[in-house]
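Next come the chains, spelled out residue by residue.
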Amino acid sequence: MTDTEILTDLVLNYGHFDHLRKLGDLYESRKIRSSKRLLRLLGHVWTRCDNISECMVDGFNWVFEEATEENMTPGTRHVPLMMTKEERNALAALPQNVTVYRGCGPDNMYGYSWTLDRDVAVQHVYKAFYEQEKPMLLTMTIDRKCIMALKLGRHEEEVIVDPSGFWYAIHEELLPTD
């Protein structure tokens, strides 16, 4: 299958909650044969995925970790294959120390998806399918080198950060529940 055929299949036949699982299945079955191709495809669908942390727990994490480790820019955690040229340029233009935000609940604090925009994080936690019983806003300052990718789709200024490390100072703020 070509990249276009895979992306079309994902969009037409799978919901936002199944894109990562399907990509993982294609990679495991060797229909996607290279980690570079997997990351390019993942970069295209990342902002269309709405359950990234859940998929990582369900087994996609080993595929993602294997693919990213061998395709990172040396000396950083950047994965250029997941970004467009515009996104790579925007990432390079960020200051050395970057403040990122995550709207979440206590059960999904340590996820991959953060944002450069505080308002986006606050709005996110109140979306119907993300709504949390105990909404929180996390604020963290990280070194730009620790960012895996910057995604500009959906106007979220999404920053992908490996939740297994690189945590500096996380500040938790409880948000109103009504």
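In what follows, the structure referred to is the one given above.
This is a predicted model, so every value here is computed, not measured.

Our next topic: the environment of Glu-70. Relative to the assigned elements, Glu-70 resides in the loop between helix H4 (52-69) and helix H5 (85-93). Between the C-alpha atom of Glu-70 and that of Ser-35, which follows or precedes it by 35 residues, the distance is 8.1 Å. A distance of 2.4 Å separates a polar atom in the side chain of Glu-70 from a polar atom in the side chain of Ser-35.

In contact at an axis separation of 11 Å, helix H1 (residues 3-13) and helix H3 (residues 35-45) are set at 40 degrees when each is read in the N-to-C sense. As judged from the angle between their axes, H1 and H3 are oblique. Crossing of H1 against H3: the hand is right-handed. Within the contact between the two elements, H1 uses Asp-3, Ile-6, Leu-7 and Leu-10 and H3 uses Arg-37, Arg-40, Leu-41, His-44 and Val-45. Class assignment for the residues of the contact of H1 with H3 results in five nonpolar, one polar and three charged.

Before going further, it helps to examine the packing of aromatic side chains. Applying the stated rule across the entire model yields one aromatic pair. A ring pair is formed by Trp-46 and Tyr-112, whose centres lie 6.3 Å apart and whose planes are at 75 degrees; its orientation type is edge-to-face. With Trp-46 in the loop between H3 and H4 and Tyr-112 in the loop between strand E1 (97-104) and strand E2 (113-115), the pair connects residues that are 66 residues apart, well separated along the chain. Here the two residues Trp-46 and Tyr-112 agree in accessibility, since each one is buried.

Attention now moves to H1. Those residues of H1 that fall on the buried side of the exposure criterion are Ile-6, Leu-7, Asp-9 and Leu-10. Seen end-on, H1 carries its buried residues on one side only, within an arc spanning 160 degrees. Turned more than 90 degrees away from the buried face of H1 sit Thr-4 and Leu-12, all of them exposed.

The next subject is the pattern of salt bridges. Scanning all chains against the criterion turns up three salt bridges. Glu-87 is the partner of Lys-151 in a salt bridge, and the nearest nitrogen-oxygen pair spans 3.0 Å. Here the residue Lys-151 occupies a position in strand E4 (residues 147-151), and Glu-87 occupies one in helix H5, the gap between them amounting to 64 residues. Summarising the burial analysis for this pair, Lys-151 and Glu-87 share the class buried. Its salt-bridge partner being Arg-154, residue Glu-156 comes within 3.5 Å of it at the nearest N-O pair. Looking at Glu-156, the relative accessible area reads 12%, which means it is buried.

Conventions adopted
By convention here, each chain's residues receive numbers from 1 onward along its written sequence. Note on the predicted model: pLDDT of at least 70 is required for a residue's local features to be given, and 80 or more for side-chain atom pairs to be given and counted; whole-chain, interface and lining totals, by contrast, use all residues. Excluded from the side-chain calculation are hydrogens and water; included are all heavy atoms of the structure. For helices the rule is a DSSP run of H or I covering at least 4 residues; for strands it is a run of E covering at least 2, with both sets numbered from the N terminus onward. Side-chain atoms alone can form a polar contact between residues adjacent in sequence; in general such a contact is a pair of N or O atoms within 3.5 Å, and within protein one must be able to donate a hydrogen while the other accepts it. Axis definition: a line fitted to C-alpha atoms, limited for helices to the stretch in contact. Angles are taken between N-to-C directions and run from 0 to 180 degrees. Convention used here: angles under 35 degrees read as roughly parallel, angles over 145 as roughly antiparallel, angles from 65 to 115 as roughly perpendicular, and any remaining angle as oblique. Put simply, a crossing is left-handed when the front helix is turned counterclockwise from the back one by less than a right angle, and right-handed when it is turned clockwise. Any two residues whose heavy atoms approach within 4.5 Å at even a single point are treated as in contact. Amino acid classes used here: Ala, Val, Leu, Ile, Met, Phe, Trp, Tyr, Cys and Pro are nonpolar; Asp, Glu, Lys and Arg are charged; the rest, including Gly, are polar. Each Phe, Tyr or Trp ring, with Trp reduced to its six-membered ring, pairs with another whose centre is within 6.5 Å; inter-plane angles below 30 degrees give stacked pairs, above 60 give edge-to-face pairs, and intermediate values give tilted ones. When a residue's accessible area, from a 1.4 Å probe over protein chains only, is under 20% of the maximum for its type it is buried; when over 50% it is exposed; and in between it is partly exposed. By construction, the arc corresponds to the directions joining the helix axis to the C-beta atoms. Salt bridge, as applied in this entry: a Lys or Arg side-chain nitrogen positioned within 4 Å of an Asp or Glu carboxyl oxygen.

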